[in-house]
Amino acid sequence: MTENIREALARYWGYGDFLPLQKQAMECISRRQDSIVVLPTGGGKSLCFQAPAVTEPGLAVVVSPLISLMKDQVDALSEYGVPAGRIDSSLSFDEQRSVFTQIHNKKLKLLYLAPERLVSGRFLEVLRKVKLSFVAIDEAHCVSMWGHDFRPEYRQLGSLKKIFPDITIGAYTATATDQVRSDIAEQLHLEKPVMLIGSFDRANLVYKVRQRDNRIKQVCAVLDRHKGESGIIYCIRRKDVDSLCAQLAGCRYSVVPYHAGMADADRKRNQDLFINEKVETIVATIAFGMGIDKSNVRYVIHTGMPKSLEHYQQESGRAGRDGLEAECCLFYSGGDYGTWTYLMRDMEPEAQEIAMTKLSRMYSYCTGGVCRHKAILRYFGQDLEKTDCEACDVCLGELSRVDDALATGQKILSCIVRLDERFGGNYTALVLAGSREKRIIENKHDELSTYALLSDYSKDTVHNWIEQLVGQDYIEKMGEYNVLNVTAKGWQVLKGKETPRLLRPVQKPVKVSKVTVDSWDGVDRGLFEALRKLRAAIARKRKIPAYIVFGDAALRDMARRRPSTPEGFLQVKGVGEKKCEQYGQAVLAVIKDYCLANSLEMDVGAYTRTVSAQLQVNKPKTRSKVSKARQVAFDLFEQRISIKEVAESVDRAESTTAQYLVEYIGREKITDPYPWVDEQTFGRIVEAMQQVGDGRMKSIFDLLNGEIDYNQIRISFACLNNNA
Ligand code: ADP
């Protein structure tokens, strides 16, 4: 059974293997066992039911809460060549009739429905006449009142087991506590469901947290790192959305706003512009995001602190659904804490207490210097096994520990005591930094023994340390004015019995995240861009979002492998038979043109598969060897060793080795072609180039009567390129 699924995975989706727990989740369906599958966003939940739907006899029904989600999945499945349909209120009568006909003629493998429709009398009539393979319930937490998105219509699904006593049900969600999981099982009357719970860690997200000191500057710095890529900027209030959007548009960034205060039509238009990649960035309140499945969001910026880590995880989780690296930047301030406290003032006491606890945990996350992946996981009751996630500001060394944290902490705390615990963070920081502000002099606080104790640092740095101490519970903010008080834990610091952890941003990031390096490994960025343009053109023509044509991961794999044949193209992760048939020609043409123009090696890796039945097992196995050979060649080129000798050392043809050299020249920006092309030959090539004027290698080759081989021309070109 698993082999059938594997084959379908390869044939339709172009994937050679399962993501964690996918296999087990799919096997539950084949074994007719109910299951609850909890995987993080981007964990590949959809495939857990889509692949078995293809292999199991009959029709699988998928319950989904939103039309946009159904549409997205049905469009994507159609692109993969999987017969899927949906019935929802946005379809015309004729469209609905066409789906019913397909159901009747057993042409569909998956049918997407809203929960209330599935259990409606009229619909049950239809479904009773066809063979159902199983029911998949997407976003299953909606069934539980304990979840964050309870939907009463999901409760009706409780009758499914009565209506179809033998049906297998799979429930899928990204967010479920123990309580929610048991509730799902109970509400749906699942029979001894298998619980599959994955790690909540989103290893491909690079989390960065900074105190907000200059919103526009900090936001622009992130946008500049992601030119041409899609991203979301979240603001707490609508007016912040409007003002930031105007500022960014003024600086010529491609942005549109989104919030609940806008007219429906405007909101919808802006959402479509973003999804169809006509604008790069959407600036929004948290009203934006539900039902958005755009897989290639490369960054999510929070310009204010969310009110809980649940919210943060959900919003930042919209980045990198395709499994590729994505950056999540959070800019917070102590003021955000105050804003939320104010907004929560009218809550019922019990609810308020819970909300305040969540807010404090969120604030501690911002100010605490613990690995961000670890902190988030811990909050959700899981542990990170690695000691260094290599994907957050703390582990990447962007924050450095203050050496004398105990003494610094004591200076701050004793200043609070000297100020009789009657002042806020900003004022205390001014006193410690030695400010000559009028009110400080008037209050005679320049005469305190703690005045100017931290005058070597800016007020902002000191204020940030104060917030860090709040986050670690050494200081408490009291009352309406957030007056600072030293806690019992803080007194332990004053007595020298406990040392706080204080951090400071370092000027230059020390390391680049490993997820970023790995996912770009071997990818030619120029070719990736060329393929992105092609993808955009196809998407426009076919009126579907670009990420449904090909995900970014597939595009990078194309720009890495650079196939020259349909067989090679089928090896690309995310390219199944239908996509190969539909787009193969266009993609291969772009790859070929690009590689010829840039003297790039094609067919990187060995391709052994020729028939589609073998698809699943034959992803190139020699890629790492190839990369290794290239690396060794680069090392030898550095010592200016000849192509012939390098070719022998790395056991590659001279033509391949020459291509390595061209890559090496490009990478190292080498302008001098010696010793690989001698002076006289180089002179002749340059002269010929000036004569032909069209920049084509073939024209130069012909003009020189074929006396100088292509490799020499290519190498000279590469060096001249670096001079340009
Ligand atoms: P979720 O619904 O859990 O958020 P998706 O089903 O949208 O996740 O999958 C996330 C991404 O992972 C998609 O781009 C999908 O194509 C990709 N994916 C799913 N399964 C696999 C697999 N077995 N191998 C490689 N990529 C996969």
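No experiment lies behind these values; they were computed from the predicted model shown. Counting restarts for each chain, with residues numbered from 1 along the sequence as it is written. Local features in this predicted model are restricted to residues of pLDDT 70 or higher, and side-chain atom pairs are both shown and tallied only at a pLDDT of 80 or more, whereas totals for entire chains, interfaces and linings draw on every residue. Values reported for side chains reflect all heavy atoms of the structure, with hydrogen atoms and water molecules removed beforehand.

*Asks:* Tell me about the overall build of the protein, and please be specific about residues and values.
*Replies:* To qualify as a helix, a DSSP run of H or I must reach at least 4 residues; to qualify as a strand, a run of E must reach at least 2; elements of each kind are numbered from the N terminus. Secondary structure assignment for the protein yields 34 helices and 17 strands. Across its three principal axes, the protein shows a C-alpha extent of roughly 90 × 80 × 45 Å. Every one of the 724 residues in the protein was classed for burial, and the buried ones make up 53%. Whether two residues are in contact is decided by their heavy atoms, any of which lying within 4.5 Å being enough. By sequence separation, contacts in the protein at least 24 residues apart represent 71% of the contacts at least 6 residues apart. Methods summary: accessible areas were calculated by the Shrake-Rupley approach with a probe of 1.4 Å, and residue burial reflects only the protein chains presented. When the accessible surface of the protein is split by element, carbon and sulfur atoms take 49% of a total near 33,000 Å². For this count, His and the chain ends are skipped, Lys and Arg are scored as positive, and Asp and Glu as negative. Just so you know, the charge point we use is NZ for Lys, CZ for Arg, CG for Asp and CD for Glu. One way to put it: in the protein the 101 positive side-chain charges average out to a point 3 Å from where the 94 negative ones average out. Note on classification: 1.4 Å probe, protein chains only; a residue is buried when its accessible area is under 20% of the maximum for its type, exposed when over 50%, partly exposed between these limits.

*Asks:* So what's going on with helix α3 (residues 45–55)? Residues and values would help.
*Replies:* Residues separated by three or four positions in an α-helix point in the same direction, a consequence of the helix having 3.6 residues per turn. With respect to burial, α3 is a largely interior element, 9 of its 11 residues being buried. Of the residues making up α3, those classed as buried are Lys45, Leu47, Cys48, Phe49, Gln50, Ala51, Pro52, Ala53 and Val54.

*Asks:* Please provide a residue-by-residue account of the pairing of strand β1 (residues 35–38), values included.
*Replies:* In regular strands, side chains alternate between the two faces of the sheet. Neither face of β1 is open: one carries Ser35 and Val37, the other Ile36 and Val38, and all of them are buried. Alignment of β1 against strand β7 (residues 194–197), held across 4 bridges, turns out to be parallel. Pairing of Val37 across the sheet is with Leu196, part of β7. At least two bridges found by DSSP between two strands are what make those strands a pair.

*Asks:* How would you explain the state of the cysteines if you had to name every residue and give the values?
*Replies:* For the purposes of this analysis, a disulfide is any pair of cysteine sulfur atoms at a distance within 2.5 Å. If you walk through the whole model with that rule in mind, you get 0 disulfides. Here Cys366 stays unpaired: no disulfide links it, and the sulfur of Cys329, its closest cysteine neighbor, is 13 Å away. With a relative accessible area of 3%, Cys366 lands in the buried category.

*Asks:* With reference to specific residues and values, describe the packing of aromatic side chains.
*Replies:* Pairs were defined over the aromatic rings of Phe, Tyr and Trp, the Trp ring being its six-membered one, requiring ring centres within 6.5 Å. Orientation was assigned from the angle between planes: stacked under 30 degrees, edge-to-face over 60, tilted for the rest. Applying the stated criterion to the full structure yields 21 aromatic pairs. Taking the centre distance of 5.9 Å and the plane angle of 80° together, the rings of Phe274 and Phe288 count as edge-to-face. Within this pair, whereas Phe274 is found in helix α13 (residues 264–275), its partner Phe288 is found in the loop between β11 (281–284) and β12 (297–302), the two being separated by 14 residues in sequence. Phe274 gets classed as buried once you look at its relative accessible area, which sits at 0%. Between Phe423 and Tyr427, the aromatic rings sit 4.3 Å apart at their centres with planes inclined by 20°, giving stacked as the arrangement. Taken individually, Phe423 and Tyr427 each receive the classification buried, so the pair is uniform in this respect. Joined through ring pairs, the aromatic side chains of Phe634, Phe637, Tyr664 and Trp676 make up one cluster. Lying across the ring of Tyr365, Arg372 places its NZ or CZ 5.6 Å from the centre. Its end group placed over the ring of Trp520, Arg556 keeps NZ or CZ at 3.9 Å from the ring centre. Remark: a charge is flagged as sitting over a ring if the NZ atom of Lys or the CZ atom of Arg is within 6 Å of the ring centre and within 35 degrees of the ring normal.

*Asks:* Lay out the sheet that holds β7 in plain terms, naming residues and giving numbers.
*Replies:* Backbone hydrogen bonds hold the strands of a sheet together, and the pairing may be parallel or antiparallel. Strand order in the open sheet formed by 7 strands is β3-β4-β2-β5-β6-β1-β7, and the pairing between neighbours is parallel. One side of each edge strand has no neighbouring strand; the edge strands of this open sheet are β3 (84–87) and β7. This sheet shows a mean twist of 20° between the axes of neighbouring strands, independent of strand direction. Note: strand β2 (residues 59–63) against strand β4 (residues 110–113), 4 bridges, orientation parallel. The residue bridging Val62 from the neighbouring strand is Tyr112, located in β4. In this description, a line fitted to the C-alpha atoms serves as the axis of each element, helices being fitted only across the stretch in contact, and the angle between N-to-C directions of two axes falls anywhere from 0 to 180 degrees.

*Asks:* So, the pattern of salt bridges: which residues are in play, and what are the values?
*Replies:* By definition, a salt bridge exists where a carboxyl oxygen of Asp or Glu is found within 4 Å of a side-chain nitrogen of Lys or Arg. Taken as a whole and judged by the stated rule, the model has 43 salt bridges. Of the charged contacts in the structure, one is a salt bridge between Arg11 and Glu7, with a shortest N-O distance of 3.7 Å. With Arg11 and Glu7 both in helix α1 (residues 2–13) and 4 residues apart, the pair spans about one turn of that helix. The exposure class assigned to Glu7 is partly exposed, which follows from its relative accessible area of 29%. Residues joined by salt bridges that share partners form a network here, namely Lys208, Arg210, Arg225, Glu327, Arg372, Asp393 and Glu398.

*Asks:* So, the packing of helix α24 (residues 525–542) against helix α26 (residues 552–561): which residues are in play, and what are the values?
*Replies:* α26 packs onto α24 with a crossing angle of 130° between their chain directions and a minimal axis gap of 9 Å. What the angle tells us is that α24 and α26 run oblique. Seen from above, α24 lies across α26 with right-handed handedness. For the pair α24 and α26, contact is made by Leu527, Phe528, Leu531, Arg532 and Arg535 and by Asp552, Leu555, Arg556, Met558 and Ala559, respectively. Angular relationships are summarised with four words: roughly parallel below 35 degrees, roughly antiparallel beyond 145, roughly perpendicular across 65 to 115, and oblique for the angles in between. Here is the rule for handedness: rotate from the far helix to the near one, and if that takes an anticlockwise turn smaller than a right angle the crossing is left-handed, while a clockwise turn gives right-handed.

*Asks:* Just give me the short version of the confidence of the model for the protein, but keep the residues and values in it.
*Replies:* pLDDT measures the predictor's confidence residue by residue and takes values from 0 up to 100. For the protein, the average pLDDT comes to 88, and 95% of its residues sit at 70 or higher. For residues 606–626, every residue scores under 50 in pLDDT, and the model assigns this stretch 45 contacts once sequence neighbours within four places are set aside.

*Asks:* Any details on the site of the ligand? Residues and values, ideally.
*Replies:* Working definition: residue near molecule or strand if any one of its non-hydrogen atoms lies within 4 Å of it. Near the ligand lie 15 residues; those nearest to it are Tyr15, Asp17, Gly42, Lys45 and Ser46. Between the ligand and Asp17, the relevant distance is 2.7 Å, taken from a nitrogen atom to a main-chain nitrogen or oxygen of the residue. Here a polar contact is recorded for every N or O atom pair within 3.5 Å, except that within protein the pair must consist of a potential hydrogen donor and a potential acceptor, and residues adjacent in sequence are included only if both atoms are side-chain atoms. A distance of 3.1 Å is found between an oxygen atom of the ligand and a backbone nitrogen or oxygen belonging to Gly44. For the ligand, whose unbound accessible area comes to 560 Å², protein coverage reaches 83%. If one sorts the elements of the shell around the ligand by residue count, α3 sits on top with 3 residues.

*Asks:* Quick rundown of the domain arrangement of the protein? Include the residues and the values.
*Replies:* Per the domain assignment, the segments making up the protein are domain 1 (2–197), domain 2 (205–398), domain 3 (400–505), domain 4 (520–598) and domain 5 (611–724). The domain limits used here are those given by an automatic or database domain assignment. If you average the C-alpha positions of domain 1 and of domain 5, the two centres end up 52 Å apart.

*Asks:* Account for the pairing of β11, with residues named and values stated.
*Replies:* Neither face of β11 is open: one carries Thr281 and Val283, the other Ile282 and Ala284, and all of them are buried. Bridge analysis of strand β9 (residues 230–234) against β11 gives 4 bridges, and the strand direction is parallel. Bridge pairing in β11 links Gly231 to Thr281. Examined bridge by bridge, strand β10 (residues 255–258) and β11 share 4 bridges and lie parallel to one another. Among the inter-strand pairings, Val255 is bridged to a residue of β11, identified as Thr281. By the criterion used throughout, a crossover qualifies as right-handed when its path from the first strand across the helix to the second strand runs clockwise, the strands pointing away from the viewer. The handedness of the β10 to β11 crossover, carried by α13, is right-handed.

*Asks:* Could you give me a rundown of unusual backbone geometry, with the residues and numbers involved?
*Replies:* Cis geometry is found at the peptide bond from Tyr674 to Pro675, where omega equals 10°. Its place among the elements puts Pro675 in the loop between α31 (654–668) and α32 (679–692). For Asp420, which is not glycine, the phi torsion reads 60° and is therefore positive. Here Asp420 is to be found in the loop between α18 (405–418) and α19 (425–433). Accessibility expressed as a relative area gives 52% for Asp420, which makes it exposed. Even without glycine at this site, Ser599 takes up a positive phi of about 50°. Relative to the elements of secondary structure, Ser599 occurs in the loop between α28 (577–597) and α29 (623–638). What makes Ser599 buried here is its relative accessible area of 6%.

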